[in-house]
Protein chains: 2
Amino acid sequence: MRLSRYFLPTLKENPAEAQIVSHRLMLRAGLVRQASAGIYSWLPLGFRVLKRIEQIVREEMDAAGCHEVLMPTIQSADLWIKSGRYNDYGKEMLRIRDRHDREMLYGPTNEELITEIFRSEVRSYRQLPRNLYHIQWKFRDEVRPRFGVMRGREFLMKDGYSFDVDFESARKSYDAMFVAYLKTFRRMGLTPIPMRADAGPIGGDLSHEFQIVAETGESAVFYDTDLVELIEQGELDADRLKSLYAATDDKHDPKTCPVPPERLGTARGIEVGHIFYFGTKYAEPLGATVTDADGNQVPIHGGSYGIGVSRLVGAIIEAGHDDAGIVWPESVAPFKVGLINLKADDPATTAAADGIYDRLRGSGVPVLYDDRDERAGAKFADMDLIGLPWQLTVGPRGLKGGVVELKRRAGGERNELSIDAALARLCG
Amino acid sequence: MRLSRYFLPTLKENPAEAQIVSHRLMLRAGLVRQASAGIYSWLPLGFRVLKRIEQIVREEMDAAGCHEVLMPTIQSADLWIKSGRYNDYGKEMLRIRDRHDREMLYGPTNEELITEIFRSEVRSYRQLPRNLYHIQWKFRDEVRPRFGVMRGREFLMKDGYSFDVDFESARKSYDAMFVAYLKTFRRMGLTPIPMRADAGPIGGDLSHEFQIVAETGESAVFYDTDLVELIEQGELDADRLKSLYAATDDKHDPKTCPVPPERLGTARGIEVGHIFYFGTKYAEPLGATVTDADGNQVPIHGGSYGIGVSRLVGAIIEAGHDDAGIVWPESVAPFKVGLINLKADDPATTAAADGIYDRLRGSGVPVLYDDRDERAGAKFADMDLIGLPWQLTVGPRGLKGGVVELKRRAGGERNELSIDAALARLCG
C-alpha cells in the first residue's frame, strides 16, 4: 500500500480526552476515531488489526471443532423475558421499540438466542456435543464509557456456546475452550493468565477469566509462577493449569494464599476473555431438552465463552508499546514491513524504493510504502508510531554504498544490508 | 467437514411462511433461521456463503483502489439533524434513546458519518480522490418485512463513499465503481444489468441500479441486447455501457424506447446494487471542504455505492436453483464438494470414503463429508438441496468395480471414474 494514497491520519500531539496509553496511541496512529461516546469508527489501519485478531480467534475456534454462525445484533425481548434476564440486565442493555412498538434490544450477549436455535433443531444426545460461536458487535450502554475501545459501548466480541448432554461432557467442552483460549492469546504474542472468576450476570458455578500481562494493566494479578511457565512452554493441560493459583488483587489475600512466597509472581493484567459453565440455567426456562441414551428428556448443559476482539486491539497495545509508539507483534500487525523512501524527489532513490516495493508485494509480504514527499524525521516518527514490525529505509547515501537500512521495531536493532539481503530477510 | 459433527438442520417440507423460492430454500437447506420479524441468524452453511460473497466484494473494491474501514452500527442523531435527513427518513429508521436519553439510531446508511470522518482529517485536494467502504450490518425498519433475507430489517451491506475535488474527478470515481460492480457480480456467476435510476433518499442527480437476471426476479427489465453482450464478454467501458438502454417495467415505455425491437431483450431482475453521485449534498451542510489547486475552499463532491451482501445470498439462489434445491456457482458455494458415503456401516466403504476425504482436505479442497448412518435417498436429497457444485458418491457396488460416481450439480451430468481420476478432476 502506498501511503500517499492511503487514509492514515496520524496525530503529533496526545489527544486530551485519552487517559490511557492504548487510547492515545490508537488515536495518534490513526487506527480509530470516536463517532460518539464509547462508539468508534475503525480507519483502514485499525481495521486491518481488528481483522487479523478476529482471524486468529476464528482459526483457533475452528481448530477446536467449533462451528461459526452469525446471530443478529437486534433481538426480540421475548426470550430474555422467558430466561428472566430482561429485568436483571438493567440500564446496560440498550432497549429499543420498533415501529410496531415491539420491545427489542441490542444484544449484549447471546445465551438466549443460541439456546433457542439449538432447542428448535436438536432432539437427541447423539447430536451432541456441539459448540457454536459467532463474532458479532455487541452493545452495552456503559454509564461512563472510557479508555477508548477498552471500555466502549459498541464492541466486537467472539461469543461461543457449548451444548452437552451432562456435566461430565460439558466439563470436557469447557476444558477444550480453556486450552483454546490460551493458544489464541499466545498466538497474539501475549502472556495469558487464567484465574477463577465470578460468573456475574451470565450465571453458573464454574468460570475463569483470562488476564493478559501488561505493565499498564488495569488490575494487579498474583499467580503461581509455575502456571505462567507451563503456559509459556505450551504445556496446556487444563486440569493441571486450573489447579494452580492465580487471582486479581480484589480476591488475593496474602494470609490465605496457598503459594509459597518464592513461587508467587505478580504483574498487572487486562481481562480479555471469560468462560462460563452454567449448566441448565438457560435450557430449563427455554425448554431446551434432548433425549439421553436411556430415552429420558434431559435439559442441555451449557457453557459460554467470550473473547473481547476489539478490546484486544487496545490490550495488545498496552502490552506492547514504547515512548515512540506501538510495537505490534508480527501476528497481528497491520503490515509486516514499513518501507521508507527517504527522498521521494530523487529519481534514483524512488526507482530503488519502487523496485523494493514491487518485489515485496510480489512475494506476498504486506508492506506499507511511505512514498510521500515529507521530511525524513516525520517519516521515521510516523513509522515508529504505527509500530510495524520491520522498517526498511532507502536513501541516496546508503544506495551509493549499495545498502539499505533494516530496523526491527521491537528493540530497535538496525542493520545495513544489500537490497537482496534485506529482501531475503523479509520474504522468509 | 464431517456432516455427523456439523450443525446443518435441513427441512423436508416447505415452510409455510416462505413465499419465494430463495426464502424456502434458505430455510430448508439450513442456511438461516428467523430470529424475529425480518431478522435472521446465519447457521454455519449460510454463514460460509455470506462470507464468500463478502470476500468477493472486498477483493473487487480493494482492486479498484478503495480502502476498507468499519463504522459502527449505532450512530448519534446529531449529524443526521445537520444533514436534514433525520426527519426525512421516517419510520424506516430505527430510533433509540440511550440511558442518558440521547437520541441515537441504527444506521440505515452512512453518508453523514463518513463525511464527518473525512471532514475532520482531510484538508487539501492533494489528499483526493479517496474511496472508503465498509461492510457492516444495517437496519431498516420495514413495515412488512418479507421474502427472507431479500427484504429483511437487519441486513449486511457494503457501502462505499468517494470523495473528489470536482465533478470531473467525481465522475471518474463513479465510473470506476460502475465497472467494479459489474466485475463483482460477474464473479458470482450472475448477469448484471446496469440501469439509470432515481436517487431516492440518498439524493443527487446521477444514479444507476444493478439488476441481476433471475427467472423468479421481482421486476421485469428491458434492455438493449448489446448491453448484456458487452458485459458478458467483459468489455466494461463505462461510457459505452451507460449509453445503452435498460429500464425496469415501471419506467419502460414501448412508445419512447429507443431500442429497435430486434435488439430489445427482456428478463426478470433483482436489484443487488445501487450507485449515486450526489455532489455536495452532504459536504455543504456538514462543512466538508478542501483547499483546491487555486487555494480556494471548496466543498467535496461525493458519491455512494451500495451492494446488498446478505440480499445477494437470496438473489444468487433465485438465479440458480431447480426443483431439487439450490445450485451454487462455484465462486460462492459453501463447499466445493459434497462427499457421500453410501454405506457408513460398511467398513470397506467407510475406509475408502475416509481416504478420499483426507486426500481432498490435504489438497485444500473444501469438502462436506456426509458420513452419517442414513438412507442413500436422504443423503442424495440433502446434497441436492444444499447445492454444492460437485457430488462424489462412494458405495460398495462401485468400489468393487474400482469406481466412484462424480456428479455435477448444475446440469446433473454423472460420470463413473476411478478414485484417482475423480480426485484429479476435483483438485485441479
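Residues numbered from 1 in each chain as written. Chains lettered and ligands numbered in written order. Predicted model: local features only at pLDDT ≥ 70, side-chain atom pairs only at ≥ 80, totals over all residues. Heavy atoms only, no water.

Trainee: So what's going on with unusual backbone geometry? Which residues, and what values?
Mentor: Omega for the peptide link from A:Leu128 to A:Pro129 comes to -10 degrees, which places this bond in the cis form. Relative to the elements of secondary structure, A:Pro129 occurs in the loop between helix H5 (111-121) and strand E7 (130-139). Its identity is not glycine, yet A:Asp101 carries a phi of approximately 65 degrees, on the positive side. Along the chain, A:Asp101 falls in the loop between strand E5 (94-97) and strand E6 (103-106). The phi angle at B:Phe147 is positive, at roughly 60 degrees, despite the residue not being glycine. Looking at the element boundaries, B:Phe147 is found in the loop between strand E7 (130-139) and strand E8 (154-164). (Helix = DSSP H or I, 4+ residues; strand = E, 2+ residues; numbered from the N terminus.)

Trainee: Can you tell me about the nonpolar core, naming the residues and giving the values?
Mentor: Residues A:Trp42, A:Trp328, B:Trp42 and B:Trp328 are the most contacted members of the largest nonpolar core, which totals 177 residues. Beyond its immediate chain neighbours, meaning those up to four positions away, B:Trp42 contacts A:Val69, A:Leu70, B:Met26, B:Leu31, B:Val32, B:Phe47, B:Leu50, B:Trp137, B:Val149, B:Ser310 and B:Val313. (Core = buried A, V, L, I, M, F, W, Y, C linked by side-chain atoms within 4.5 Å. Buried < 20%, exposed > 50% of the residue type's maximum accessible area, 1.4 Å probe, protein only. Contact = heavy atoms within 4.5 Å.)

Trainee: Please provide a residue-by-residue account of the relation of the copies chain A and chain B, values included.
Mentor: Here chain A sits on chain B after a turn of 180 degrees about the axis and a move of 0.0 Å along it, with an RMSD of 0.0 Å. What the rotation and shift describe, once combined, is the action of a two-fold rotation axis. Measuring from the rotation axis to each C-alpha of chain A, the shortest distance belongs to A:Ile96, at 2.9 Å. In this assembly the copies share their binding face: 100% of the residues contributing to the interface of chain A also contribute to that of chain B. (Least-squares fit on C-alpha atoms with pLDDT ≥ 70 in both.)

Trainee: How would you sum up the pairing of strand E20 (residues 367-370) of chain A? Please name residues and give values.
Mentor: Residues in a regular strand project their side chains so that they alternate between the two faces of the sheet. Residues and elements named next belong to chain A. Residues Val 367 and Tyr 369 point to one face of E20 and Leu 368 and Asp 370 to the other, with burial holding for every one of them. Note that strand E19 (residues 337-341) and E20 share four bridges and pair parallel. In the strand pairing of E20, Gly 338 is matched with Leu 368. Taking the sense of rotation as the criterion, the β-α-β connection linking E19, helix H11 (residues 347-362) and E20 turns out right-handed. (Pairing = 2+ DSSP bridges. Right-handed = clockwise from strand over helix to strand, strands pointing away.)

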